[in-house]
Amino acid sequence: MLRPLAEAGGFVLERWADEEAAAHVGSRTVVARAVGRAALASVGASRPAALAATGGAVPQRVQALLAPPPARRALPFVAGAFLLTLCCASLANAASDSESLVESAERAQCAADAKASGAGHPMRRPDACCDHRGAGEHGSHRR
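About the criteria used
Residues numbered from 1 in each chain as written. Predicted model: local features only at pLDDT ≥ 70, side-chain atom pairs only at ≥ 80, totals over all residues. Heavy atoms only, no water. Helix = DSSP H or I, 4+ residues; strand = E, 2+ residues; numbered from the N terminus. Buried < 20%, exposed > 50% of the residue type's maximum accessible area, 1.4 Å probe, protein only. Patch = residues over 30% accessible without salt bridge, like charges linked within 9 Å, V, L, I, M, F, W, Y side chains within 5 Å. Areas by Shrake-Rupley, 256 points an atom, 1.4 Å probe, with all protein chains shown as cover. Salt bridge = Lys/Arg side-chain N within 4 Å of Asp/Glu carboxyl O. Axes fitted to C-alpha atoms, helices over the stretch in contact; angles between N-to-C directions. Left-handed = near helix turned anticlockwise from the far one by under 90°. Contact = heavy atoms within 4.5 Å. Nonpolar A, V, L, I, M, F, W, Y, C, P; charged D, E, K, R; others polar.

With respect to the environment of Leu40
Now for step 1: With respect to the secondary-structure elements, Leu40 resides in helix 2 (residues 28–41).
Now for step 2: Residue classification places Leu40 among the exposed residues on the basis of a relative accessible area of 66%.
Now for step 3: Residues Leu40 and Val58 lie 18 residues apart in sequence; the distance between their C-alpha atoms is 9.8 Å.

Below, the structure written as structure tokens:
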């Protein structure tokens, strides 16, 4: 089921390599000839039988190299940056929610401890130990 995806990925990778080679060499025609020669040299190599309705991968690569270079597209970079920003924001939100959950659990435990130890004392509030007057007292109710 993933074989077409792997083949398409392989083709895109080869096209990317072709474009990089053309940029490095400075001539798309020279790279197209090199791709064609490499394909002719590997004719004797065994490969799986496939229908070549579009002429196969090598003619498509050569044809793409003989055409004008493709325009640079900013959309993949913008989409990647957006997804990265979204992931970072989600991670920050999850961390904040986790911290709130832990603090709520600590207050509930503190209130339960205070209620259990001071049940007979009428003036004691059940959440008295949970008042956070300073950062140093945070978590001081633990024994």
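Topic: a nonpolar patch on the surface
Now for step 1: On the surface, a cluster of nonpolar side chains totalling about 460 Å² of accessible area is made up of Met1, Leu2 and Leu5.
Now for step 2: Taking the relative accessible area as the measure of exposure, Leu2 reaches 63% and is therefore exposed.

Focus: the pattern of salt bridges
Now for step 1: This model, assessed by the stated rule, comprises four salt bridges.
Now for step 2: Notably, a salt bridge pairs Glu14 with Arg61, separated by 3.4 Å at the nearest N-O pair. Of this pair, Glu14 sits in helix 1 (residues 3–25) while Arg61 sits in helix 3 (residues 57–66), and the two are 47 residues apart along the sequence.
Now for step 3: Here Glu14 falls in the partly exposed class, since its relative accessible area comes to 37%.
Now for step 4: By relative accessible area, Arg61 is classed as buried at 13%.
Now for step 5: Several salt bridges converge on common partners, so that one network encompasses Glu14, Asp18 and Arg61.

Re the packing of helix 1 against helix 3
Now for step 1: The geometry of helix 1 relative to helix 3 is characterised by a closest axis approach of 11 Å and an angle of 35 degrees between their N-to-C directions. Seen from above, helix 1 lies across helix 3 with right-handed handedness. In this structure, helix 1 uses Phe11, Glu14, Arg15, Asp18, Glu19 and Ala22 to contact helix 3, whose residues at the interface are Ala57, Gln60, Arg61, Ala64 and Leu65.
Now for step 2: For the contact of helix 1 with helix 3, the class distribution of residues is five nonpolar, one polar and five charged.

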